[in-house]
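So the chains spell out like this:
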There are 2 protein chains.
Amino acid sequence: MPAGQSPRETLDSRLAPILTLLARQPILEDLARQQSPQRSALVSELVHRQGLGELERRIAALSAADVAHLLGMLPPDERRVVWEQVPPPVAADVLWEVTDQVADGLVGITPRPRLIAICRAADADALNQITRHLPADVLPEVEKEIAPPVRSWLRALAPFPADSVGRIMGREMVVAEQSATVRSVLKQLRRLPEVPQPLDAIEVVDDHDRLVGRLTLHTLLTHRPAEPVAMLMNPAPIAFAPDERAEVAARVFEREDLVTAPVVDQRGRLVGRLDVDSVMHFVHSDAASQALRREGLSGEEDLYAPVWTSAKRRWLWLSVNLLTAFLASRVIGAFAGTIEQLVSLATLMPIVASVGGNTGNQTVALFIRGLALKQITARSVPYLARKEVGVSLINGAVWGGVMGAVATLLYRDPALGALMALAMLLNLVLAAMVGIIVPVLMQRLGRDPAFGSSVLLTFATDSMGFLIFLGLASAFLV
Amino acid sequence: MPAGQSPRETLDSRLAPILTLLARQPILEDLARQQSPQRSALVSELVHRQGLGELERRIAALSAADVAHLLGMLPPDERRVVWEQVPPPVAADVLWEVTDQVADGLVGITPRPRLIAICRAADADALNQITRHLPADVLPEVEKEIAPPVRSWLRALAPFPADSVGRIMGREMVVAEQSATVRSVLKQLRRLPEVPQPLDAIEVVDDHDRLVGRLTLHTLLTHRPAEPVAMLMNPAPIAFAPDERAEVAARVFEREDLVTAPVVDQRGRLVGRLDVDSVMHFVHSDAASQALRREGLSGEEDLYAPVWTSAKRRWLWLSVNLLTAFLASRVIGAFAGTIEQLVSLATLMPIVASVGGNTGNQTVALFIRGLALKQITARSVPYLARKEVGVSLINGAVWGGVMGAVATLLYRDPALGALMALAMLLNLVLAAMVGIIVPVLMQRLGRDPAFGSSVLLTFATDSMGFLIFLGLASAFLV
């Protein structure tokens with residue numbers, strides 16, 4: 001590629017020397033430590049300083065997004081070393097780009113004076129993104145230095161949740177008066193010290209800052225200087241409200257192929273601008289976190305969090321899981337007498353439970369995706385429920401039959417085989433029903449349908465699998 | 001919002017009447033059927049025609065993306081009715097927007113003449129996207145009517161896989177000569193019959209169609225007509241190759257905040273353009289499918305596929321799951337004698353297995369996300385492995401202790417309690433190790449780390465959980 005640069009190689013080639021440097025650092029220090037104490041201190045100091053100087057130089061050459069990526073792939077010690085070298089003007093953007101838990105961790109290890117320096121160097125958009133990570137007493141410290149309009153803008157957005165349009169929108173945009181002409185807008189564009197990126201259109205407002213239309217750059221380019229903006233603009237552009245959910249905006253961006261869109265308050269006043277990059281960033285991190293939420297982890301879980309923090313974060317669901325597993329085991333306990341008489345039941349019962357759990361999880365995964373993509377409506381739930389139960393009846397009959405035959409051959413006991421086949425069929429049907437009910441009910445209750453669904457479903461298929469299998473056995477077999 | 005329209009409400013209000021219409025249809029026909037046979041035919045015909053006319057009118061008012069969304073949320077019968085009303089020029093774009101399995105299903109129920117009509121009405125970009133769904137004999141039928149440059153473009157891209165840049169890029173772009181001036185480019189823009197959307201920059205090529213730079217619309221707007229394009233353009237823009245993976249391009253788009261980017265072949269010639277909408281569409285559907293792949297389903301699984309098709313699609317993993325569950329149950333079978341002597345072992349063993357499975361799945365989910373976000377490098381695997389094992393040691397000690405205490409109290413047997421605690425600790429450590437090894441190994445082997453990882457992990461934690469618990473019991477307890 002003579003003209004273009006391959007961006008993948010570029011990122012790797014930018015990060016590789018830093019990783020090498022970080023890897024070398026402790027080795028060099030170890031070497032230094034083997035000398036006599038006085039010399040050691042001097043050598044270590046030199047090595048350390050030189051290494052840090054090189055690191056600082058390398059990090060300064062990276063974009064905020066690259067630094068964020070680098071921090072996300074480093075263990076705590078190295079993360080701290082890199083973070084300390086990030087200059088304050090870049091640091092705010094870095095805090096914005098990393099995941100929430102990484103940001104909280106970084107803020108936690110940053111001394112107060114540096115946090116204040118970072119806030120001072122940040123622009124309005126970055127401040128809007130990072131305030132929720134900061135200790136309560138940091139922002140008031142810098143607030144007096146912020147220009148009054150920015151300050152009131154930040155205060156107005158503070159109450160909106162992290163997944164709202166108000167929190168992912170920006171303040172930078174090009175705004176023209178309703179009375180402008182192509183000529184005056186072009187003049188305005190030429191005078192801008194910095195152009196908000198991406199810029200595909202400019203917002204048009206009336207005397208009261210109310211959005212009255214949008215004008216694309218292409219329209220500007222292809223019309224004569226004297227033409228009035230009001231005649232050329234789109235008078236009914238797609239606009240969002242700051243309290244709308246970012247997820248909804250993401251779907252609209254995708255469907256309508258938007259690059260940017262204005263955000264207006266209840267009175268129709270222009271308060272900000274959403275762009276496709278923020279929206280894509282949101283979609284990407286939201287989608288990546290869904291799998292974690294199904295397993296009962298926070299979607300923002302930091303892979304490199306300290307061991308104790310990570311261990312404790314899993315306690316809630318571990319205790320829920322232990323409780324459900326304990327309850328399921330009580331079902332077995334109730335049939336201890338039956339198992340004592342026919343120990344092969346203990347051998348076969350986990351098969352019934354396991355197959356139920358796995359097929360149920362398939363149904364859950366399908367329904368969570370369907371709900372996320374809005375493919376499932378109240379109207380289609382009965383159809384889909386019939387379909388999934390139909391699928392489980394077919395698969396229960398076919399594979400229950402197979403396992404029934406295997407059990408018959410293994411234990412030379414046709415009655416046990418028939419029991420196995422029936423229990424599998426019933427547990428698969430149950431798994432399908434629970435796999436539909438759990439996500440649909442969670443959604444109706446306004447909860448995240450993914451959160452912990454895996455543990456809940458396994459509880460149902462385990463305990464009911466044992467109940468069906470052992471219950472039938474004690475009734476008909478023993 | 002006086003100026004903007006709320007896009008969410010707009011979509012709902014566009015689709016609602018169609019859903020109502022579809023819901024009414026069968027009822028009206030049922031009514032018609034209750035009349036005498038001759039009248040019935042006439043009434044049904046009228047009802048049907050009126051309903052379809054209304055439906056056709058409503059569907060014509062929708063964008064391709066809206067129709068695709070509508071089709072994705074309809075059961076097969078209704079999907080067919082709606083699909084038949086979609087006019088051919090829109091139909092190609094609809095096939096492009098729906099998921100792969102829905103597209104295959106739609107093509108399967110479309111008569112050949114209509115498929116040919118759809119291809120005839122499609123533009124180059126849409127044809128590039130839908131060819132892989134079409135029967136082999138449809139495209140040659142229309143190929144002779146395609147303009148030669150488009151035909152050779154399509155043929156050149158055909159070998160690239162569905163997740164490559166070549167398959168998600170478009171052919172529509174604005175290309176200027178190296179020798180152009182701002183004035184000549186503006187003239188060219190004004191003459192374009194249709195503007196490729198989104199348009200943030202134009203590509204600049206030399207006499208051999210090789211990309212030499214990019215010029216943003218903003219630069220065009222803010223410079224004098226006489227200035228030469230070659231002086232204003234970015235001479236080293238980020239460019240992609242058609243055989244690069246779309247996933248890589250998506251990450252670069254996100255990191256570099258790109259709106260569009262040129263695609264060049266090995267000789268540096270401009271062959272297409274990627275835009276953020278296609279990239280976002282890819283990211284979204286790819287992320288949504290990951291959860292399905294973990295459960296051993298195809299990422300493109302169609303929620304509304306017919307029962308038989310859905311049932312058979314799950315057979316591969318159902319049989320794998322049955323096999324693994326059967327193998328795990330053989331472990332129990334080997335200790336049948338031990339269980340006969342102490343039936344409480346049968347009651348407690350599923351707890352050991354279940355907790356191992358759930359925590360192991362948490363580790364798997366964390367590692368799959370880490371690998372997807374490139375946060376895990378060969379260098380960091382040992383650190384992360386130590387960390388996850390550390391977490392499992394802590395949690396195994398804490399919660400194994402809790403369960404050991406519960407088992408002691410329940411069965412008044414301190415030895416059984418100690419056994420329970422030790423088995424839980426060991427199985428949690430094992431779960432953590434398997435939870436790391438499975439996705440990392442899959443990735444190293446060039447496989448999708450998500451695919452079927454859930455079944456594999458559960459196999460390991462179940463069989464090893466039984467082996468550890470029952471093995472320790474038979475050695476020390478019975």
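Before reading further, recall that the structure is shown in the block above.
Enquirer: Please give an account of the overall build of chain A that cites residues and values.
Expert: What chain A contains, in helices and strands, is 23 helices and five strands. Relative to its 478 residues, chain A shows a buried fraction of 57%. Restricting to contacts in chain A with at least 6 residues of sequence separation, those with at least 24 account for 67%. Surface exposure of chain A reaches about 19900 Å², of which carbon and sulfur atoms provide 59%.

Enquirer: How would you summarise the packing of helix α5 (residues 88-97) of chain A against helix α7 (residues 112-121) of chain A if you had to cite specific residues and measurements?
Expert: All names here are of chain A. Contact geometry for α5 and α7: axes closest at 7 Å, N-to-C directions at 85°. Looking at the two axes, α5 sits roughly perpendicular to α7. Two secondary-structure elements touch here, α5 through P88, P89, A91 and A92 and α7 through R114, A117, I118 and A121.

Enquirer: So what's going on with empty space enclosed by the protein? Which residues, and what values?
Expert: With the rule as written, the count across this model stands at nine cavities of 30 Å³ or more. Its volume calculated, the largest cavity comes out at about 340 Å³. Lining the largest cavity are 23 residues, with S354, T458 and D462 of chain A together with T458 and D462 of chain B sitting closest to its centre. For the lining of the largest cavity, the secondary structure elements donating two or more residues are α20 (344-372) and α23 (453-476) of chain A together with α20 (344-372) and α23 (453-476) of chain B. Its residues placed into classes, the lining of the largest cavity shows six nonpolar, twelve polar and five charged.

Enquirer: Mind laying out the relation of the copies chain B and chain A, listing which residues take part and the relevant values?
Expert: Screw-axis analysis of chain B against chain A gives a translation of 0.0 Å along the axis, an RMSD of 0.1 Å, and a rotation angle of 180°. Overall, the copies show the geometry of a two-fold rotation axis. Comparing interface residues between copies, 99% of those in chain B also sit at the interface in chain A, which points to an isologous, same-surface contact.

Enquirer: An account of the nonpolar core is needed here, citing residue identities and associated values.
Expert: In this structure, F240 and L274 of chain A together with F240 and L274 of chain B are the most contacted members of the largest nonpolar core, which totals 128 residues. Setting aside anything within four residues of it in sequence, one finds L274 of chain B in contact with V165, I168, M169, F240, A249, F253, V259, T260, A261, V263 and V279 of chain B. Within the second largest apolar cluster, 68 residues are counted, among which are A346, V352 and A473 of chain A together with V331 of chain B.

Enquirer: Quick rundown of the packing of aromatic side chains? Include the residues and the values.
Expert: Counted according to the given criterion, the structure contains four aromatic pairs over all chains. Their ring planes at 25° and their centres at 6.0 Å tell us that F240 of chain A and F253 of chain A sit as a pair that is stacked. In this pair, F240 of chain A sits in the loop between α14 (229-232) and α15 (246-256) while F253 of chain A sits in helix α15, placing the two residues 13 residues apart along the sequence. Relative accessible area serves as the criterion here: at 0%, F240 of chain A is assigned to the buried category. Ring centres of W399 of chain A and W315 of chain B lie 6.0 Å apart, and the angle between their planes is 85°; this geometry places the pair in the edge-to-face category. With W399 of chain A in helix α21 (residues 381-411) and W315 of chain B in helix α18 (residues 315-334), this pair bridges two chains.

Enquirer: Kindly report on the interface of chain B and chain A, identifying the contributing residues and their values.
Expert: On the chain A side, the residues contacting the 142 residues of chain B number 143 residues. Across the contact surface, chain B and chain A share two salt bridges. We note a salt bridge from E388 of chain B to R314 of chain A, for which the minimum N-O separation is 2.9 Å. In this structure, the connection of chain B to chain A is made through 16 residue pairs in polar contact (both at pLDDT 80 or more).

Enquirer: Residue-level account of the sheet that holds strand β2 (residues 201-205) of chain A, with values.
Expert: Residues and elements named next belong to chain A. Strand order in the open sheet made by the three strands is β1-β2-β3, with mixed pairing throughout. Lying at the two open borders of the sheet, with one neighbouring strand each, are β1 (175-177) and β3 (211-216). Recorded for the sheet is a direction-independent mean angle of 35° between the axes of neighbouring strands. The pairing of β2 with β3 spans five bridges and is antiparallel. Bridge pairing in β3 places V205 opposite L211.

Enquirer: Any chance you could break down unusual backbone geometry for me, citing the residues and the numbers?
Expert: Along the chain, Q197 of chain A connects to P198 of chain A via a cis peptide bond; the corresponding omega equals -10°. Considering the arrangement of structural elements, one finds P198 of chain A in the loop between α12 (182-191) and β2. At D257 of chain B, a residue that is not glycine, the phi angle is positive and equals roughly 55°.

Enquirer: Describe the pattern of salt bridges, with residues and values.
Expert: In total, this model carries 23 salt bridges over all chains according to the counting rule given. R245 of chain B is the partner of E247 of chain B in a salt bridge, and the nearest nitrogen-oxygen pair spans 2.4 Å. E247 of chain B gets classed as partly exposed once you look at its relative accessible area, which sits at 23%. Sharing partners across several salt bridges, the network here consists of R112, D137 and E141 of chain A.

Enquirer: So, the layout of surface pockets: which residues are in play, and what are the values?
Expert: Estimates place the volume of the second largest pocket at around 460 Å³. Taken together, 26 residues line the second largest pocket, and the ones lying closest to its centre are Q197 of chain A together with D200, R214, T216 and L258 of chain B. A class-by-class count of the residues in the lining of the second largest pocket yields 15 nonpolar, six polar and five charged.

Enquirer: Describe in detail the pairing of strand β4 (residues 260-264) of chain A, supporting the description with residues and values.
Expert: If a strand is regular, its side chains alternate between the two faces of the sheet. Residues and elements named next belong to chain A. Taken across its five residues, β4 has five buried, putting it largely inside the fold. Alternating residues of β4 divide into T260, P262 and V264 and A261 and V263, and every residue in both groups is buried. In this structure, the hairpin formed by β4 and strand β5 (residues 270-275) is closed by a connection of five residues, where G268 is found at a positive phi of approximately 85°.

Enquirer: Go over the side chain of D125 of chain A, please, and point to the residues and values.
Expert: Residues and elements named next belong to chain A. Counting through the fold element by element, D125 comes out in helix α8 (residues 124-130). In terms of polar contacts, D125 uses its side chain to reach the backbone amide nitrogen of R171, at 2.6 Å. In this structure, D125 is in contact with W96, W153, G170, R171 and E172, ignoring residues within four places of it in sequence.

Enquirer: Tell me about the sheet that holds strand β1 (residues 175-177) of chain B, and name the residues and values.
Expert: All names here are of chain B. An order of β1-β2-β3 is seen for the three strands of this open sheet, with the pairing classed as mixed. Unpaired on one side and paired on the other, β1 and β3 (211-216) mark the two borders of the sheet. When strand polarity is set aside, the average angle formed by the axes of neighbouring strands in this sheet is 35°. Here β1 runs beside strand β2 (residues 201-205); their pairing, made up of three bridges, is parallel. Considered in β2, the bridge of V175 is made with E203.

Enquirer: Talk me through a nonpolar patch on the surface; I want residue IDs and the actual numbers.
Expert: Residue and element names in this part refer to chain A. A grouping of M433, I437, L441 and L445 is seen on the molecular surface, where their side chains present a nonpolar patch of about 400 Å² in accessible area. Residue placement: L441 occurs in helix α22 (residues 414-444). What makes L441 partly exposed here is its relative accessible area of 48%.

Enquirer: Explain the environment of A241 of chain B residue by residue, including any values.
Expert: Residues and elements named next belong to chain B. Within the secondary structure layout, A241 lies in the loop between α14 (229-232) and α15 (246-256). Judged by relative accessible area, which is 14%, A241 ranks as buried. Taking C-alpha positions, A241 is 7.0 Å from V165, a pair spaced 76 residues apart along the chain. For A241, the residues in contact, after removing those within four places along its chain, are V165, V263 and V264.

Enquirer: How would you summarise the side chain of R79 of chain B if you had to cite specific residues and measurements?
Expert: Residue and element names in this part refer to chain B. Tracing the backbone through its elements, the reader meets R79 in helix α4 (residues 76-85). Note on R79: relative accessible area 8%, which makes it buried. Separated by 3.4 Å, the side chain of R79 and the backbone oxygen of L74 make a polar contact. Sequence-distant contacts of R79, that is, excluding residues within four places in its chain, are made with L71, G72, L74, V102, L106, D302 and Y304.

Enquirer: Help me get a handle on the pairing of strand β5 (residues 270-275) of chain B, residues and values and all.
Expert: All names here are of chain B. With five of six residues buried, β5 is to be regarded as a mostly interior element. Bridging between strand β4 (residues 260-264) and β5 involves five bridges; their strand directions are antiparallel. Residue pairing across strands places T260 opposite D275, the latter belonging to β5.

What counts and how
- Residues numbered from 1 in each chain as written.
- Chains lettered and ligands numbered in written order.
- Predicted model: local features only at pLDDT ≥ 70, side-chain atom pairs only at ≥ 80, totals over all residues.
- Heavy atoms only, no water.
- Helix = DSSP H or I, 4+ residues; strand = E, 2+ residues; numbered from the N terminus.
- Buried < 20%, exposed > 50% of the residue type's maximum accessible area, 1.4 Å probe, protein only.
- Contact = heavy atoms within 4.5 Å.
- Areas by Shrake-Rupley, 256 points an atom, 1.4 Å probe, with all protein chains shown as cover.
- Axes fitted to C-alpha atoms, helices over the stretch in contact; angles between N-to-C directions.
- Parallel < 35°, antiparallel > 145°, perpendicular 65-115°, else oblique.
- 1 Å grid on protein atoms, 1.4 Å probe; cavity = no way out; pocket = protein on both sides within 12 Å on 5 of 7 lines; lining within 4 Å.
- Points joined across faces, edges and corners; volume = space filled by probe spheres on them.
- Nonpolar A, V, L, I, M, F, W, Y, C, P; charged D, E, K, R; others polar.
- Least-squares fit on C-alpha atoms with pLDDT ≥ 70 in both.
- Core = buried A, V, L, I, M, F, W, Y, C linked by side-chain atoms within 4.5 Å.
- Phe/Tyr/Trp six-rings, centres within 6.5 Å; stacked < 30°, edge-to-face > 60°.
- Salt bridge = Lys/Arg side-chain N within 4 Å of Asp/Glu carboxyl O.
- Polar contact = N/O pair within 3.5 Å; in protein donor to acceptor, adjacent residues only side chain to side chain.
- Pairing = 2+ DSSP bridges.
- Patch = residues over 30% accessible without salt bridge, like charges linked within 9 Å, V, L, I, M, F, W, Y side chains within 5 Å.

Spatial relationships are all this shows, so hold off on functional conclusions.
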